[in-house]
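# Fold and contact review
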Amino acid sequence: MSANLPESTHQRIVIVGGGFAGLQLIEQLKDTDYQVVLIDKNNYHQFPPLIYQIATAGLNPSSISFPFRKLMAKRKNQFFRLAELRAIYPTEKYIQTSIGKISYDYLVLSCGATTNFFNNADIASKAMPMKTVAEAMGLRNALLSNFERALTCASEQERQELLNVVIVGGGPSGVEIAGAIAEMRHYVLPRDYPDMDASRMHIHLIEGSPKLLNAMSPKASRKALDFLKKLNVEVSLNTLVQDYRERTVYLSDGRNIPSLTFIWVGGVCGVPLVGLPKECFTRGGRLLVNRYHEVKGVNDIFALGDISCIEGDPDYPKGHPMMAQPAIQEGFNLSYNFKALLKNEARRPFSYKDLGSMATIGRNLAVADIGKFHFAGFFAWFLWMAVHLRSILGVHNKLAVLLDWMWSYITYDRSNRMIVRAKLPAVLQERRERESRTHWGDLKFDAAEADAVADEKPAAK
């Protein structure tokens, strides 16, 4: 199998991952003398801040997703390949992917982060993460299916297991999904399930630290807690999840919560990468980079966004927040430096400008920190909507989201409550199973094993 890339006299930049950072870099390099190749396991960019609204039936998946090929259409020196990164060969300057080898002059790793289960295999196998559109769709199916089953189950114990929702993690994703499910309980359940007592649905938010929204101000944290209590979400601070077995969540304070809806948004870590030396990595599987985004210990490899941890910024000694704004600014700064290389000009070290942070809890309920100013309530909620609407790619997507939001606000209803389970044609299912059995499915293989399996030549340059 081959990536089938055209030969070029231009230097090739290979970008792994089309998140906020990778997309910003691609956009800024569209009129330069580089051949830019994007590889991603999905053929679309997804908008993570609104993924929780997919899980709670507030938006359609297509509203927050944008195809890479549509973005890169009519750009002669930019190419997209649907592929997964398998291994990196820094000395030989190529990467092994699921579609073959691709050589590079410069490699940019912007493959983001994945859910961190802190080495708890039971939790990893049974909890429901919410990091991607696909995971959000799975969570939406689970929530709606549990409501249906709660109407027809045989015992009161099973009914309570179906109606108990446990959410682990008090960051933005945790408070947002908790608030959204609480609003479903208040507005949707009485309308769609009039023969079910909605008051029996309990929503638990578990956070291991003393406050919610640790990256935000104490005022924002307190207001978020007040808003969640107003929505009757049961918040437990300074509490850890010790285990999840036999359909029960076991907590460090001795409580046990029976639940079939166990949502884990309790942290992230860098995606696994094979082929880089150990000195490239720091805590959480992130890559150590300097202020020019160069990965420590290797040449011509850069990292952006959640996968990177920038050293040397005195204001952020532990690295920048794993959020959209740092990723976007890093992508812009690296594009400036790539352009400077073409002109033999001085590069610019990265300096992060904090534009603020926000989180929404529910209808007219949000918190926002912008510089020295702190907002809560309706104004923060309106500001949150405006900022996120502006950031979504594509006019069609912006309009779709705006119309869904307006409809939900006016009618107190969510119109995307379908249980949709994808079914692959037999030939595709067989191919997927065959590929999953290959050696490439195991991310623990070493470079020597990779050489033995992948003997095709890198894609021509």
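Conventions adopted
- Residues numbered from 1 in each chain as written.
- Predicted model: local features only at pLDDT ≥ 70, side-chain atom pairs only at ≥ 80, totals over all residues.
- Heavy atoms only, no water.
- Salt bridge = Lys/Arg side-chain N within 4 Å of Asp/Glu carboxyl O.
- Helix = DSSP H or I, 4+ residues; strand = E, 2+ residues; numbered from the N terminus.
- Buried < 20%, exposed > 50% of the residue type's maximum accessible area, 1.4 Å probe, protein only.
- Patch = residues over 30% accessible without salt bridge, like charges linked within 9 Å, V, L, I, M, F, W, Y side chains within 5 Å.
- Areas by Shrake-Rupley, 256 points an atom, 1.4 Å probe, with all protein chains shown as cover.
- Pairing = 2+ DSSP bridges.
- Axes fitted to C-alpha atoms, helices over the stretch in contact; angles between N-to-C directions.
- pLDDT = per-residue confidence, 0-100.
- Contact = heavy atoms within 4.5 Å.

## Here's the deal with the pattern of salt bridges
Two side chains of opposite charge can pair, provided their charged atoms sit close to one another. Summed over the entire model, instances satisfying the criterion amount to 14 salt bridges. Notably, a salt bridge pairs Asp300 with Lys93, separated by 2.9 Å at the nearest N-O pair. Here Asp300 is found in the loop between strand 20 (287–289) and strand 21 (301–303), whereas its partner Lys93 is found in the loop between strand 6 (85–89) and strand 7 (94–97), with 207 residues between them in sequence. Asp300 sits in the partly exposed class, given a relative accessible area of 30%. Lys93 gets classed as partly exposed once you look at its relative accessible area, which sits at 25%. Arg247 serves as the salt-bridge partner of Glu161, at 3.0 Å between the closest nitrogen and oxygen. One end of the pair, Glu161, is in helix 6 (residues 156–163); the other, Arg247, is in the loop between strand 15 (241–245) and strand 16 (248–251), and 86 residues separate them in sequence.

## Quick look at a nonpolar patch on the surface
Nonpolar side chains collect at one region of the surface, where Phe378, Phe382, Val395, Leu399, Leu402, Leu403, Met406, Tyr409 and Ile410 lie side by side and expose about 900 Å² of accessible area between them. Residue assignment for the nonpolar patch shows that the elements contributing at least two residues are helix 10 (378–391) and helix 11 (395–411). Broken down by element, the residue count for the nonpolar patch peaks at seven residues, all from helix 11. Along the chain, the position of Ile410 falls in helix 11.

## Here we look at the sheet that holds strand 2 (residues 34–40)
With respect to topology, five strands assemble into an open sheet ordered 5-2-1-9-21, the strand pairing being parallel. The open sheet has two edge strands with one neighbour each: strand 5 (78–82) and strand 21. This sheet shows a mean twist of 20 degrees between the axes of neighbouring strands, independent of strand direction. In this structure, strand 1 (residues 11–16) lies alongside strand 9 (residues 106–109), joined through four bridges in parallel fashion. Its bridge partner lying in strand 9, Ile13 is registered against Tyr106.

## Section: the confidence of the model for the protein chain
A residue-level look at the protein chain finds 92% of positions with pLDDT of 70 or above and a mean pLDDT of 90. This model gives residues 438–455 a pLDDT under 50, and the stretch forms 24 contacts once residues within four places in sequence are excluded.

## Looking at the sheet that holds strand 7
The strand order across the open sheet formed by three strands is 6-7-8, and the pairing between neighbours is antiparallel. Each of the sheet's edge strands pairs with one partner strand only, and the pair in question is strand 6 and strand 8 (100–103). Sheet twist, expressed as the average angle between the axes of neighbouring strands with direction ignored, equals 20 degrees. Judged from the four bridges that link them, strand 7 and strand 8 form a sheet pairing that is antiparallel. Within strand 8, the position partnered with Tyr94 by the bridge is Ser103.

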